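Notes for the structure review
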Amino acid sequence: MEISWDELNRQIAGCQNCALCRQIHHKVPGQGNPQARLMLIGEGPGRDEDEQGLAFVGRAGQLLTRMLAAIGLSREEVYICNVVKCRPPDNRTPLPEEAAACLPFLRMQFALVRPKVILLLGATAGRYTLGEDFRVTRDRGHFVQKGGVWFMPTYHPAALLRDEAKKRDAWEDLKAVREKLKETE
Ligand code: URA
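First, a word on scope: everything that follows refers to the structure included in this document. (Residues numbered from 1 in each chain as written. Predicted model: local features only at pLDDT ≥ 70, side-chain atom pairs only at ≥ 80, totals over all residues. Heavy atoms only, no water.)

**Structural notes on the overall build of the protein chain**
What counts is decided by this rule: Think of it this way: any DSSP run of H or I at least four residues long counts as a helix, any run of E at least two long counts as a strand, and we number them from the N terminus. Atoms counted for the radius of gyration: C-alpha only. Globule rule: 2.2 Å times residue count to the power 0.38. Buried means the residue's accessible area, taken with a 1.4 Å probe over protein chains only, is under 20% of the maximum for its type, while exposed means over 50%, and partly exposed covers the values in between.
For the protein chain, the helix and strand inventory stands at eight helices and six strands. Starting at the N terminus and walking to the C terminus, you meet the elements of the protein chain as α-β-β-α-α-β-α-β-α-α-β-β-α-α. The C-alpha radius of gyration computed for the protein chain amounts to 15 Å, which stays within 12% of the reference 16 Å derived for 185 residues, consistent with globular compactness. For the C-alpha atoms alone, the extent of the protein chain along its principal axes is close to 40 × 40 × 30 Å. Here the protein chain holds 185 residues, and 46% of them are scored as buried.

**Details of empty space enclosed by the protein**
The gaps left among the atoms become clear once a water-sized probe is rolled over them. Counted only if it meets this: For each structure, a 1 Å grid was placed over the protein atoms alone; sets of points admitting a 1.4 Å probe that cannot get out are labelled cavities, open sets with protein on both sides within 12 Å along at least five of seven lines are labelled pockets, and lining residues have an atom within 4 Å of a point. Grid points are joined across faces, edges and corners, and a volume is the space filled by probe spheres set on the points. Three categories are distinguished: nonpolar for Ala, Val, Leu, Ile, Met, Phe, Trp, Tyr, Cys and Pro, charged for Asp, Glu, Lys and Arg, and polar for the others, with Gly belonging to the last.
All told, the structure shown has one cavity of 30 Å³ or more when counted by the stated rule. As a volume, the largest cavity reaches approximately 110 Å³. In terms of lining, the largest cavity is formed by 14 residues, of which the most central are Cys15, Cys18, Lys85, Cys86 and Cys102. Element by element, the count of residues in the lining of the largest cavity is highest for helix H4 (residues 96-113), at three residues. Considered class by class, the residues forming the lining of the largest cavity number nine nonpolar, two polar and three charged.

Shown next, in the form of structure tokens:
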């Protein structure tokens, strides 16, 4: 039987399956429309997210909000979460064992939301959903269909803040997502 949102959030709140939870302020489970047609997956909480307990609320998150608005979507319409629900120290990439400990939660979120399209933000999201050999520079911009769901990998918004030149490609990826959402209506 499918788990409920309450039970899932209770499990995330109580999780001690890896060491990340020892040095955080808040778990960041994810938020948004529990029946969204579009789900977004990032890497893991940063400092602002750890302070507020909400995904993508810092600078990268503010850019993400503007990117969504550019394709006519509000944050309330989509579901936003991360591969890991606890902030890795100094914002380092989650270790494979940390991601592995947290992935069951992502799978449960996916099973509850049942999105039509998933936007993968950056290499970590790509690797843990599409496979270890995922490379964001090579694979972004190409839809992958898995289990009836369309995955679009794109750059992480933090990468766009570091390198403005990537914004053009990210915009193409977002427009493709907008089209796919129309097609799958
Ligand atoms: N970067 C991420 O990958 N996720 C967040 O929630 C914030 C920044």
